[in-house]
Amino acid sequence: MKRQIRQLINRFPWLKKLLKQAMQFLLPGQGVSTHYMEVTQAEAGSESARLREAWKDDELPVRQRELVDKQLAAYRRSEAVDVFDVLVKSLRELQDGTGTMRVLEIGCSSGYYSEVFRIAGLDVLYTGCDYSDAFIAMALQRHPGLQFDVQDATALKYADNAYDVVISGCCLLHIPEY
Ligand SMILES: C[S@@+](CC[C@H](N)C(=O)[O-])C[C@H]1O[C@@H](n2cnc3c(N)ncnc32)[C@H](O)[C@@H]1O
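Described below are features of the structure shown in this document.

Thresholds applied
Residues numbered from 1 in each chain as written. Predicted model: local features only at pLDDT ≥ 70, side-chain atom pairs only at ≥ 80, totals over all residues. Heavy atoms only, no water. Axes fitted to C-alpha atoms, helices over the stretch in contact; angles between N-to-C directions. Helix = DSSP H or I, 4+ residues; strand = E, 2+ residues; numbered from the N terminus. Parallel < 35°, antiparallel > 145°, perpendicular 65-115°, else oblique. Left-handed = near helix turned anticlockwise from the far one by under 90°. Contact = heavy atoms within 4.5 Å. Nonpolar A, V, L, I, M, F, W, Y, C, P; charged D, E, K, R; others polar. Salt bridge = Lys/Arg side-chain N within 4 Å of Asp/Glu carboxyl O. Buried < 20%, exposed > 50% of the residue type's maximum accessible area, 1.4 Å probe, protein only. Near = heavy atom within 4 Å. Polar contact = N/O pair within 3.5 Å; in protein donor to acceptor, adjacent residues only side chain to side chain. Pairing = 2+ DSSP bridges. Right-handed = clockwise from strand over helix to strand, strands pointing away. Phe/Tyr/Trp six-rings, centres within 6.5 Å; stacked < 30°, edge-to-face > 60°.

### Digging into the packing of helix α5 (residues 82-94) against helix α6 (residues 112-120)
The geometry of α5 relative to α6 is characterised by a closest axis approach of 11 Å and an angle of 65° between their N-to-C directions. As far as their axial angle goes, α6 and α5 are roughly perpendicular. In this structure, α5 crosses over α6, and the sense of that crossing is right-handed. Two secondary-structure elements touch here, α5 through V83, F84, L87, V88, L91 and R92 and α6 through Y113, V116, F117 and A120. Classifying every residue of the contact of α5 with α6 gives 9 nonpolar, no polar and 1 charged.

### Overview of the pattern of salt bridges
Across all of its chains, the model carries 11 salt bridges by this definition. Across the salt bridge formed by D152 and R52, the nearest N and O atoms sit 3.1 Å from each other. Of this pair, D152 sits in the loop between β3 (147-150) and β4 (165-167) while R52 sits in helix α3 (residues 41-52), placing them 100 residues apart in sequence. When the shortest N-O distance is used, the salt bridge between E93 and K89 registers 3.1 Å. Of this pair, E93 and K89 both sit in helix α5, 4 residues apart, which is roughly one turn of the helix. A relative accessible area of 52% means that K89 is categorised as exposed.

### Some words on the site of the ligand
Neighbouring residues of the ligand: 19 residues in total, closest G107, S109, Y112, D130 and A153. Contacts to the ligand include G107, whose backbone N or O atom sits 2.8 Å from a nitrogen atom. D152 has a polar side-chain atom sitting 3.2 Å from a nitrogen atom of the ligand. Taken together, the residues of the shell around the ligand sort by class into 9 nonpolar, 6 polar and 4 charged.

### Regarding the pairing of strand β1 (residues 101-106)
Here β1 lies mainly inside the structure; 5 of its 6 residues are buried. As judged from the 6 bridges shared by β1 and strand β2 (residues 124-130), these two strands associate in the parallel manner. The residue bridging I106 from the neighbouring strand is C129, located in β2. For the crossover from β1 across α6 to β2, the handedness is right-handed. Note that β1 and β4 share 3 bridges and pair parallel. Within the sheet, the bridge partner assigned to L104 lies in β4 and is V166.

### Focus: the packing of aromatic side chains
In this description, a pair of aromatic rings is defined by centroid distance and the angle of the planes. Within the structure shown, the criterion is met by 8 aromatic pairs. Plain terms: the ring middles of Y75 and F84 are 5.2 Å apart, the flat faces sit at 80° to each other, and that makes the pair edge-to-face. For Y75, a relative accessible area of 10% translates into the label buried. A network of ring pairs unites the aromatic residues Y75, F84, Y112, Y113, F117, Y126 and F148 as a single cluster.

Spelled out as structure tokens, the structure:
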């Protein structure tokens, strides 16, 4: 029965939307993990495979950049941006004063963390990689002089010990075989 209802909902997007709205009305403020639908093991496999490739969509860099630019503008005005502040604080704690820290970011999108580190005045040599050609193209265009590579997080080709610190934010959750 549950399965039939789920199939029905998946077949008619308008019904899914209607039910979602009804749920939000009846159960407001339930947090981020509400209104989800259970999937079978077989469906989970195909959904994971579909979502795994989703970040390669060529339209995403421009859309994500619209959000990031707002955060970067606030950061330049010395306003607190939690996600930036936490990472900058962590890297400062790791710096031991012996010179430039080589940092690799995996899943770097358009490389905006290199801007964060520059604004914060961190002494780092930044490299970014991402599996999306479109994101790396934007990163190279926006940050000439920095190294950006198209690489998949599950098959990195960097040499051992090439970096002092490796960071990766909000990336693992998109990689089923993490
Ligand atoms: C949510 S964004 C995070 C961007 C940035 N790291 C941050 O913390 O804001 C996820 C990024 O991971 C990249 N990504 C997803 N799967 C990847 C994989 N298998 N290998 C490399 N990059 C991946 C996406 O293209 C996207 O740029």
